[in-house]
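Structural overview for review
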Amino acid sequence: MKSLISANKFLAFTCLSIALCCLNSFGQETATSVQLAKSIETAEFPTEPADAVQAEPKTGVPVRSNVSTFSNGAALNRVGVQTSTTLPLSLDDAIRRALQNNNDIEIARDDIRLQETQLRSLRGFYDPTLNFTPTYSRNSSTGNKATNDFRANANITQNLGTGGSYQFFFNNTRTENSFTQAQLTSGSSGISSGAAAGFYSTSTGFQLTQPILRNFGIDNNRRLIKIQKKRLQQSDADFRQQAIEVIAQVQRAYWDLVFALRDQQNRLANLNLAKENLRQVEAKIEAGAAAPLARAEVNTEVATREGELLSATQSVSTAENTLKTLLLREPTAAEWTATLVPTDRPVYSDEPVDLTDALNDAKQNRPELRRLSLEKEINEIDLKYFKNQTRPQIDLNATFSLNGISRGLTGDNTDQLVPQFTGNDEILRQRLNTLLPANSQIPNPNIIIPAVPDYLVGGFGQSITNILRSDAPNYSVGVTFSFPLRNRTAQANLAGARITQERIDAQTRSREQQVIAEVRNAVQAVETARLRVLTARRARENAEIQLEGERKLFEVGRSTTFLLFQRENALVNARNAEIRAETDYNKFLADLQRATSTTFSVNNIQVDSPPDDND
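Report on the accompanying structure. (Residues numbered from 1 in each chain as written. Predicted model: local features only at pLDDT ≥ 70, side-chain atom pairs only at ≥ 80, totals over all residues. Heavy atoms only, no water.)

Focus: the environment of Phe 239
One can find Phe 239 in helix α7 (residues 220-287). With 133 residues separating them along the chain, Phe 239 and Glu 106 place their C-alpha atoms 9.0 Å apart. In this structure, Phe 239 is in contact with Ile 105, Ala 108, Arg 109, Ile 112 and Val 607, ignoring residues within four places of it in sequence. (Helix = DSSP H or I, 4+ residues; strand = E, 2+ residues; numbered from the N terminus. Contact = heavy atoms within 4.5 Å.)

In structure tokens, the structure reads:
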């Protein structure tokens, strides 16, 4: 039993000696390890594609093919992206590209244009209308000669902005005189057969209808126009909100890409450091100065860091595609295959954000609050209109016209009326003659119709001239009263508008609370990110000190490769935490700009509102 214990102790002592020898051999790697570690410490944000970062060092000692399944270039390749085609991009350029090309912004812009067309459509209600109606008619009945009439009426009508309407008319009519036609037929008229037998009339003037109670201050069309103006302003507020949202998304995506590229660079440098350690271990194994088992530990770390680099490369693609979606208009744009290279560094300020100023900015600038304010103004228009509709209707009607007539006679305009007895009238005349003395009869004299005045002869031209005579004007003034007995429709609409007013007030209070909460959260996020930057900087500085101390221990054989790798990974994570805190600070600043709606002013963007004319 004692001999067995002694054997075990001897075996344990032998293994410990071998391990110490391996640790001492690892201590000889100091110069190269220090150099690669410093490449991490001095890493800057890349201004070129990540695959242009220092690749794996080449030495005369071959690396075993089963150690790494891909080269650095293969790990950095991304699907559908040409790393040789780069597109430098500043944050300002990204924002302006989004404002020009983003499809969501284009949709919001088209909504404004649509609302403008609807406003013009409603204003078309007040466009004047010209009507012209030429009409020919032929009238006849059994036993009578047909008469032919011709009318040429024209008028201009227009609705007025006061709720009334007017019509200016100019009517012309040619009507055949049936009495004259009968005389021509019997041949008893003194009018020559070639003379015209028509009468001509011309009238011109206007008609006016004007409400003086209901529909006087506001009617339905004026209500719709006023509401549409508010809707147009709401569309403008929606456009501003959409633009602010897109700009905030661009800012967040930009800084996410900045972090992803920086993380990829740090992971690549960390992988190169592990590969250099592996190269040295392979050299020692080939020289017989290290046990083959040492390769496994380093090889495991290399594989782990390769996986981290692959994940970082995928994050770069995801962040870049997110940004491209916001910037590019067409899904087939050539920029999809280009590599975006951010040129801006994260900014940082030690000055905290003032909560009171942020809340005031939000109350003044938030488009959602502006939309609710406009909705309240729309409700006030409805209240005014529905209250007006509960009143009785009293309309003023006025007409003024100038009328002229004439006959279309030529030559002698003196007519002789020769009465003729026919049928039963002739029998009655004969009976009367028998009752009279001999050689006497009922007189049957010719009736002479006096001559028509010259100003009534001349056709259409004379009738038009006659409208200017002093005896031509005609006018009328009247009032139409309409008293609704119950008018439940208008009363119900008015009650509904009042309920809507209460609902809008509640919505406004609710939205204001949400805005206040968003601003307070955004200010807190900025302040927290600002402190995180300071904390991350201290953590990175301490990680650098810890790595340097661990390296010195490793050089004197008092540390292991495992512990050295742990310190290297801790430094990479600390550097990533620092850049993450810096990019988060900038993202939270973008969120604060969105919450306070100061995005346009901060980024020097001018947005023109649609014109508010009164045409």
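Side note on helix α4 (residues 91-101)
Within the sequence span of α4, burial applies to Leu 91, Ala 94, Ile 95, Ala 98 and Leu 99. Projected down its long axis, α4 carries its buried residues within an arc of 135 degrees, all on one side. (Buried < 20%, exposed > 50% of the residue type's maximum accessible area, 1.4 Å probe, protein only. Arc of directions from axis to C-beta.)

Examining empty space enclosed by the protein
As enumerated under the stated definition, the model contains 3 cavities of 30 Å³ or more in all. A volume near 40 Å³ is recorded for the second largest cavity. Taken together, Gln 241, Ile 244, Glu 245, Arg 366, Pro 367, Glu 368, Arg 594 and Ser 597 make up the lining of the second largest cavity. Examining the composition of the lining of the second largest cavity, we find that 3 residues originate from one element, α7, more than from any other. (1 Å grid on protein atoms, 1.4 Å probe; cavity = no way out; pocket = protein on both sides within 12 Å on 5 of 7 lines; lining within 4 Å. Points joined across faces, edges and corners; volume = space filled by probe spheres on them.)

Side note on the packing of aromatic side chains
Within this structure, the stated rule accounts for 6 aromatic pairs. For the ring pair Phe 125 and Tyr 126, a centre distance of 5.3 Å and an interplane angle of 85 degrees mean the geometry is edge-to-face. A residue is classified by how much of its surface remains accessible, and Phe 125, at 38% relative accessible area, is partly exposed. Given the relative accessible area of 16%, Tyr 126 is considered buried. Look at Phe 206 and Phe 400: their rings are 6.2 Å apart centre to centre, the planes differ by 35 degrees, and that puts the pair in the tilted class. Within this pair, whereas Phe 206 is found in strand β5 (residues 198-211), its partner Phe 400 is found in strand β7 (residues 393-407), the two being separated by 194 residues in sequence. The exposure class assigned to Phe 206 is partly exposed, which follows from its relative accessible area of 38%. A cation over a ring is seen here: Arg 305 above Phe 565, with NZ or CZ 5.0 Å from the ring centre. One cation-aromatic arrangement involves Arg 580 over Phe 259; the distance from NZ or CZ to the ring centre is 3.6 Å. (Phe/Tyr/Trp six-rings, centres within 6.5 Å; stacked < 30°, edge-to-face > 60°. Lys NZ or Arg CZ within 6 Å of the ring centre and 35° of its normal.)

Focus on a nonpolar patch on the surface
On the surface, Leu 130, Ile 156, Phe 168, Phe 206, Phe 400 and Tyr 475 cluster together into a nonpolar patch covering about 640 Å² of accessible area. With a relative accessible area of 69%, Tyr 475 lands in the exposed category. (Patch = residues over 30% accessible without salt bridge, like charges linked within 9 Å, V, L, I, M, F, W, Y side chains within 5 Å. Areas by Shrake-Rupley, 256 points an atom, 1.4 Å probe, with all protein chains shown as cover. Salt bridge = Lys/Arg side-chain N within 4 Å of Asp/Glu carboxyl O.)

Regarding the packing of α7 against helix α10 (residues 367-389)
Where α7 meets α10, the closest approach of the two axes is 9 Å, and the angle between their N-to-C directions is 175 degrees. In terms of orientation, α7 lies roughly antiparallel with respect to α10. Tallied by class, the residues present in the contact of α7 with α10 amount to 9 nonpolar, 4 polar and 13 charged. (Axes fitted to C-alpha atoms, helices over the stretch in contact; angles between N-to-C directions. Parallel < 35°, antiparallel > 145°, perpendicular 65-115°, else oblique. Nonpolar A, V, L, I, M, F, W, Y, C, P; charged D, E, K, R; others polar.)

A closer look at the nonpolar core
Core analysis: the biggest nonpolar cluster contains 35 residues, and Val 250 and Leu 323 have the highest contact counts within it. Among the elements of the structure, α4, α5 (103-123), α7 and α8 (293-327) are those that each provide at least two residues to this core. At 15 residues, α7 tops the list of elements feeding residues into this core. The contacts of Leu 323, once residues within four sequence positions are left out, are Leu 89, Val 250, Ala 253, Tyr 254, Leu 257 and Leu 340. By size, the runner-up hydrophobic cluster in this structure holds 16 residues, among which are Leu 359, Ala 522, Val 526 and Leu 592. (Core = buried A, V, L, I, M, F, W, Y, C linked by side-chain atoms within 4.5 Å.)

Let's talk about the pattern of salt bridges
Across all of its chains, the model carries 38 salt bridges by this definition. Two residues, Arg 295 and Glu 282, come together in a salt bridge whose shortest N-O distance is 2.7 Å. Note that Arg 295 is positioned in helix α8 and Glu 282 in helix α7, a separation of 13 residues in sequence. The closest approach of N and O atoms between Arg 594 and Glu 518, which form a salt bridge, is 4.0 Å. A residue pair is termed long-range when its members are at least 10 positions apart, and Arg 594 in helix α14 (residues 561-596) and Glu 518 in helix α13 (residues 488-555) qualify at 76 residues. Through salt bridges with shared partners, one network takes in Glu 245, Arg 366, Glu 368, Arg 511, Glu 518 and Arg 594.

Here we look at unusual backbone geometry
Look at Ser 597: it is not a glycine, yet its phi comes out positive at around 55 degrees. Inspection of the secondary structure puts Ser 597 in the loop between α14 and α15 (599-602). Phi at Asn 604 is positive, roughly 55 degrees, even though this residue is not glycine. Residue class for Asn 604 comes out exposed when judged on its relative accessible area of 66%.

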